[in-house]
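Each chain is listed here by its residues.
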Amino acid sequence: DTAVSQTPKYLVTQMGNDKSIKCEQNLGHDTMYWYKQDSKKFLKIMFSYNNKELIINETVPNRFSPKSPDKAHLNLHINSLELGDSAVYFCASSRIYGYTFGSGTRLTVV
Amino acid sequence: TQLLEQSPQFLSIQEGENLTVYCNSSSVFSSLQWYRQEPGEGPVLLVTVVTGGEVKKLKRLTFQFGDARKDSSLHITAAQPGDTGLYLCAGPDAGGTSYGKLTFGQGTILTVHP
């Protein structure tokens, strides 16, 4: 059983397109996150949701819109994709100490 | 914003050698976490250290949290090729628990050659 699963694993798309990444966790955690990992492997938080409520929104362009239909799901929709959006996007969930990460979505914008 | 600096950034060693990775900050953290990430996968939590001066062991890995809770280290004894990966330290933002935002170090890429 996968604890945090995100789809798709790979996403190649053209500039200007709109795309979504889905995330689901079966750990019963209340808090979920989206992180972006750049080409230098640096991880930076984008959004955090606690029990479906947005609690952290870092300085992310408003082309990125998270949605949490319930506390087990957190999706990320990206409008008008740009070359600079190419990165690996990780979903994660947490309870007390430590995150459980998904295996990532490698987004390539061409 | 609290920053975490990891060193070294790259480490390439032979099987059987020992190594230490450092994670330093000018800020106090309530706890620090260490993750290991393999290619194509997400980071996996190795350990959380909470108390200043704490030492935790996980087989050949030894984790230390500084007395002042501003730094941590990861020591690997007799490294094996299976230890190869990206090692990340992370800490919760000031005033928060690990429910909230984690700040990550830049990571240490470890390669252990057979």
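The structure this text deals with has already been given above.
This text gives an overview of the structure that appears in the document. (Residues numbered from 1 in each chain as written. Chains lettered and ligands numbered in written order. Predicted model: local features only at pLDDT ≥ 70, side-chain atom pairs only at ≥ 80, totals over all residues. Heavy atoms only, no water.)

### What to know about the sheet that holds strand β1 (residues 4-7) of chain A
Residues and elements named next belong to chain A.
Okay, so step 1: Reading across from one edge, β1-β3-β8-β7 is the order of the four strands in this open sheet, with antiparallel pairing throughout. Edge positions in the open sheet fall to β1 and β7 (64-70), since each of these has one partner strand only. Pairwise comparison of adjacent strand axes, ignoring direction, gives a mean angle of 15° for this sheet. (Pairing = 2+ DSSP bridges. Helix = DSSP H or I, 4+ residues; strand = E, 2+ residues; numbered from the N terminus. Axes fitted to C-alpha atoms, helices over the stretch in contact; angles between N-to-C directions.)

### Regarding the sheet that holds strand β1 (residues 5-7) of chain B
Residue and element names in this part refer to chain B.
Okay, so step 1: Strand order in the open sheet formed by five strands is β1-β3-β8-β7-β6, and the pairing between neighbours is antiparallel. Of all the strands in the sheet, the pair left with one neighbour each is β1 and β6 (55-58). If you compare each strand with its neighbour and ignore which way they point, the axes differ by 15° on average.
Okay, so step 2: As defined by bridge partners, β6 adjoins strand β7 (residues 61-65) across four bridges and the pair is classed as antiparallel. Following the sheet pairing, V55 is matched in β7 by Q64.

### Description of the environment of R69 of chain B
All names here are of chain B.
Okay, so step 1: Inspection of the secondary structure puts R69 in the loop between β7 and β8 (71-76).
Okay, so step 2: For R69, a relative accessible area of 30% puts it in the partly exposed group.
Okay, so step 3: Taking the C-alpha atoms as reference, R69 lies 20 Å from T108; in sequence the two are 39 residues apart.
Okay, so step 4: Other than its neighbours up to four places away in sequence, R69 contacts S27, V28, F29, S30, V50 and G52. (Buried < 20%, exposed > 50% of the residue type's maximum accessible area, 1.4 Å probe, protein only. Contact = heavy atoms within 4.5 Å.)

### Considerations on the packing of aromatic side chains
Okay, so step 1: Counted according to the given criterion, the structure contains 12 aromatic pairs over all chains.
Okay, so step 2: The interplanar angle of 80° and the centroid separation of 5.6 Å between the aromatic rings of Y35 of chain A and F104 of chain B together place this pair among those described as edge-to-face. Here F104 of chain B lies in strand β10 (residues 102-104) and Y35 of chain A lies in strand β4 (residues 31-37), a pairing that spans two chains.
Okay, so step 3: Judged by centre distance (6.4 Å) and plane angle (50°), the rings of W34 of chain B and F63 of chain B are tilted. Residue W34 of chain B is found in strand β4 (residues 32-37), and its partner F63 of chain B is found in strand β7; the two are separated by 29 residues along the sequence.
Okay, so step 4: Residue classification places F63 of chain B among the buried positions, given a relative accessible area of 0%.
Okay, so step 5: Put simply, the rings of Y33, Y35, F90, Y99 and F101 of chain A together with Y35 and F104 of chain B touch in pairs and so form one group of aromatic residues. (Phe/Tyr/Trp six-rings, centres within 6.5 Å; stacked < 30°, edge-to-face > 60°.)

### Digging into the layout of surface pockets
Okay, so step 1: Its boundaries defined by the atoms lining it, the largest pocket holds a volume of some 370 Å³.
Okay, so step 2: If you trace the largest pocket, you find 22 residues lining it, with K41 and R106 of chain A together with Q37, P39 and G40 of chain B closest to the centre.
Okay, so step 3: Only β9 (87-94) of chain A together with β9 (85-92) and β11 (108-113) of chain B provide two or more residues apiece to the lining of the largest pocket.
Okay, so step 4: If you tally residues by element for the lining of the largest pocket, the top one is β9 of chain A, at three residues.
Okay, so step 5: A breakdown of the residues in the lining of the largest pocket according to their chemical character gives eight nonpolar, eight polar and six charged. (1 Å grid on protein atoms, 1.4 Å probe; cavity = no way out; pocket = protein on both sides within 12 Å on 5 of 7 lines; lining within 4 Å. Points joined across faces, edges and corners; volume = space filled by probe spheres on them. Nonpolar A, V, L, I, M, F, W, Y, C, P; charged D, E, K, R; others polar.)

### Some words on the pairing of β7 of chain A
Residue and element names in this part refer to chain A.
Okay, so step 1: The sheet contact formed by β7 and strand β8 (residues 73-78) spans five bridges and is antiparallel. By the bridge assignment, D70 is partnered in β8 with H73.
Okay, so step 2: Here β7 hands over to β8 after two residues, the two strands then running antiparallel side by side.

Coordinates in, geometry out; function isn't part of it.
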